[in-house]
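Report on the structure
Listed below, chain by chain, are the residues.
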There are 2 protein chains.
Amino acid sequence: MTKVSIHVTLKEGVLDPQGKAIENSLNTLGYDGVHDVRVGKLIEMFIDHDDVEAQVKVMCDKLLANPVIENFTYEIEEGVAQ
Amino acid sequence: MTKVSIHVTLKEGVLDPQGKAIENSLNTLGYDGVHDVRVGKLIEMFIDHDDVEAQVKVMCDKLLANPVIENFTYEIEEGVAQ
């Protein structure tokens, strides 16, 4: 089994209402040094396959990330016992 | 300005319906080698403060992560021009 971490983030220029809400809350709570908050998804999974990287790319393209508004990056942790 | 990435993930043992839904969809789409999908939040921000690490810890404890069911980790990228 291979452990994979996938980061899905909004593309530059795409409005992030969730990030804005968090930024406003933090500023209201007194953390006014906080700017440009952006919120994305962190998807972790274990994959049992001979070509994990190819599998991850296809899954991200097809299901996990919306190519119109989102980017994705991934980290493959070799051979993590599960 | 310092760029900070915060990863908020569910604690071990906490049920993850969103992760389960993604896992089932992937299996249904034919990616049956995928197991134990867990979904978390990736929060990126810029912080203008002299003690960024202390600031991040307090914000995570107070607002960004629910200490009962969530863990958080963070990465501080020194001096990213913004």
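Residues numbered from 1 in each chain as written. Chains lettered and ligands numbered in written order. Predicted model: local features only at pLDDT ≥ 70, side-chain atom pairs only at ≥ 80, totals over all residues. Heavy atoms only, no water.

**Digging into the overall build of chain A**
- Each helix and strand in chain A was counted, giving two helices and three strands.
- Walking chain A from its N terminus toward its C terminus, one meets helices and strands in the order β-α-β-α-β.
- Principal-axis analysis of the C-alpha atoms places the extent of chain A at approximately 50 × 30 × 15 Å.
- Counting only residues that meet the buried cut, chain A has 38% of its 82 residues in that class.
- Long-range contacts, defined as pairs at least 24 residues apart, comprise 70% of the intrachain contacts of chain A with a sequence gap of at least 6.
- Summing over all exposed atoms, chain A offers an accessible surface of approximately 4500 Å²; the carbon and sulfur share of this is 50%.
- Charge-centre separation for chain A: the mean point of 7 positive side chains lies 6 Å from the mean point of 15 negative side chains. (Helix = DSSP H or I, 4+ residues; strand = E, 2+ residues; numbered from the N terminus. Buried < 20%, exposed > 50% of the residue type's maximum accessible area, 1.4 Å probe, protein only. Contact = heavy atoms within 4.5 Å. Areas by Shrake-Rupley, 256 points an atom, 1.4 Å probe, with all protein chains shown as cover. Lys, Arg positive; Asp, Glu negative; His and termini not counted. Charge placed at Lys NZ, Arg CZ, Asp CG, Glu CD.)

**Remarks on the interface of chain A and chain B**
- The interface of chain A with chain B comprises 31 residues on the first partner and 31 residues on the second.
- Here chain A meets chain B over a buried area of about 2700 Å², counting both sides, of which 66% is carbon and sulfur.
- Here chain A and chain B share zero salt bridges between them.
- Inspection of the region where chain A meets chain B yields eight residue pairs in polar contact (both at pLDDT 80 or more).
- Looking at the side of chain A that touches chain B, the elements with two or more residues in it are β1 (2-10), α1 (17-28), β2 (34-47) and α2 (52-64) of chain A. (Buried area = accessible area lost by both parts, 1.4 Å probe. Salt bridge = Lys/Arg side-chain N within 4 Å of Asp/Glu carboxyl O. Polar contact = N/O pair within 3.5 Å; in protein donor to acceptor, adjacent residues only side chain to side chain.)

**Overview of the packing of α2(A) against helix α1 (residues 17-28) of chain B**
- Running from N to C, α2(A) and α1(B) point in directions that differ by 110 degrees, and their axes come no closer than 11 Å. On the basis of the axis angle, α2(A) is roughly perpendicular to α1(B). Both α2(A) and α1(B) take part in a crossing whose hand is right-handed. Seen from α2(A), the contacting residues are Met59(A), Leu63(A) and Leu64(A); seen from α1(B), they are Ile22(B), Ser25(B) and Leu26(B).
- Partitioning the contact of α2(A) with α1(B) into residue classes produces five nonpolar, one polar and no charged. (Axes fitted to C-alpha atoms, helices over the stretch in contact; angles between N-to-C directions. Parallel < 35°, antiparallel > 145°, perpendicular 65-115°, else oblique. Left-handed = near helix turned anticlockwise from the far one by under 90°. Nonpolar A, V, L, I, M, F, W, Y, C, P; charged D, E, K, R; others polar.)

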